[in-house]
Amino acid sequence: MMRRTYVVVGLGQFGEHVARRLSEAGGEVLAVDRSLERVEALKDVVAQAVRADCTSEEALRVLGVGKAEVAVVALGEEDFEAAVLGTAVLKGIGVKTVVARSSTRQRGKILSLAGATRVVYPEAEMGDQLARLLLHSSMQSSTELPNGYALAELRVPEHAAGKSLQELRLRQTHGLNVIAIQHRGVVNEPIPEAMLHAGDVLLLAGKGERVAALARLWDPSR
């Protein structure tokens, strides 16, 4: 089975993290940055780490970047012009999927016009996630999925302890599916008859507003 190929342009904190995670997951990663120090820091982590100018079509062609399945433009806001040019170059040399980072919607639109297949807003997304966790103390973590769905970890409150999933009827009453149950650090498949304990963590999937509604209902401060 062939590994998926990725190019990550810009090896600041965000780009380095993306490159590391893709490599750890088995992807073949080419990491590119103008800083030799940043390149050296990743040379033993990814398949190839190269010092190069992402706005140079010639340099990227020599590196074979056009053969990559996905490119991530992870340059910071101070390099916005380079991010726009790099996005256009990557799309122009044949990379099908170009994911670009932005901090504002306005700049995101410009990156889309330059050829970005998708624009991500890591600061805004992290802020939204932190706000959800602060608003709902029963929520351990939350991830937004396409089409308004979400994946979240909720702590089982005292009033739900001693009941089974069958008794709680979360699918029927809240439209939520239980994917897994964590009890004392051990993750298990959900068994309808299994008794829940206070502090257990349920991994749930469903509409975001339904997840939020259950989180409010299970909030121990209410």
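Everything discussed here concerns the structure shown above.
Residues numbered from 1 in each chain as written. Predicted model: local features only at pLDDT ≥ 70, side-chain atom pairs only at ≥ 80, totals over all residues. Heavy atoms only, no water.

Asker: Requested: an account of unusual backbone geometry, with residues and values cited.
Answerer: Residues other than glycine seldom take positive phi values, yet Arg169 does so here, at roughly 55°. Tracing the backbone shows Arg169 in the loop between α7 (165-168) and α8 (170-174). In the Ramachandran plot, Arg184 falls in the positive-phi region, its phi being about 50° despite a non-glycine side chain. Examined against the element boundaries, Arg184 turns out to sit in the loop between β9 (177-183) and β10 (186-188). (Helix = DSSP H or I, 4+ residues; strand = E, 2+ residues; numbered from the N terminus.)

Asker: Got a sec to walk through the sheet that holds strand β2 (residues 28-33)? Specific residues and values, please.
Answerer: Taken in spatial order, the 6 strands line up as β3-β2-β1-β4-β5-β6 in an open sheet, and their pairing is parallel. Of all strands in the sheet, those with a lone pairing partner are β3 (48-51) and β6 (118-120), marking the two edges. The sheet shows a mean angle of 20° between the axes of neighbouring strands, taken without regard to direction. Bridge count between strand β1 (residues 5-9) and β2: 5 bridges; the pairing is parallel. In the sheet register, Tyr6 faces β2, and the bridge partner there is Val29. (Pairing = 2+ DSSP bridges. Axes fitted to C-alpha atoms, helices over the stretch in contact; angles between N-to-C directions.)

Asker: I'd like a rundown of the pairing of strand β5 (residues 97-101), residues and numbers included.
Answerer: For β5, the buried fraction is high: 4 of the 5 residues fall into the buried class. Direction of pairing for strand β4 (residues 70-73) relative to β5: parallel, over a ladder of 4 bridges. Its bridge partner lying in β5, Val70 is registered against Thr97. For the segment spanning β4, helix α4 (residues 80-92) and β5, crossover handedness is right-handed. Sheet analysis places β5 next to β6, joined by 3 bridges and oriented parallel. Pairing of Arg101 across the sheet is with Val120, part of β6. Note on the crossover from β5 through helix α5 (residues 105-114) to β6: the handedness is right-handed. (Buried < 20%, exposed > 50% of the residue type's maximum accessible area, 1.4 Å probe, protein only. Right-handed = clockwise from strand over helix to strand, strands pointing away.)

Asker: Kindly report on the packing of aromatic side chains, identifying the contributing residues and their values.
Answerer: For the coordinates displayed, the defined rule picks out 0 aromatic pairs. The side chain of Arg105 reaches across the aromatic face of Tyr121, ending 3.9 Å from its centre. The ring of Phe80 is capped by Arg107, whose NZ or CZ atom sits 4.4 Å from the centre of that ring. (Phe/Tyr/Trp six-rings, centres within 6.5 Å; stacked < 30°, edge-to-face > 60°. Lys NZ or Arg CZ within 6 Å of the ring centre and 35° of its normal.)

Asker: Which residues make up the nonpolar core, and what are the values?
Answerer: Counting residues in hydrophobic clusters, the biggest one holds 28 residues, and the most contacted among them are Val7, Val9, Val65, Val73, Leu75, Leu90 and Leu111. Residue assignment for this core shows that the elements contributing at least two residues are β1, β2, β4, α4, β5 and α5. Apart from the residues within four sequence positions on either side, Val65 is in contact with Val7, Leu30, Leu60, Leu90, Ile93 and Val95. Judged by nonpolar contacts, the second largest core, of 18 residues, contains Ala150, Ala152, Leu196 and Leu202. (Core = buried A, V, L, I, M, F, W, Y, C linked by side-chain atoms within 4.5 Å. Contact = heavy atoms within 4.5 Å.)

Asker: Mind laying out the pattern of salt bridges, listing which residues take part and the relevant values?
Answerer: Counted according to the given criterion, the structure contains 8 salt bridges. Arg38 is the salt-bridge partner of Asp33, the closest N and O atoms lying 3.7 Å from each other. Under the relative-accessibility criterion, Arg38 is labelled partly exposed at 40%. (Salt bridge = Lys/Arg side-chain N within 4 Å of Asp/Glu carboxyl O.)

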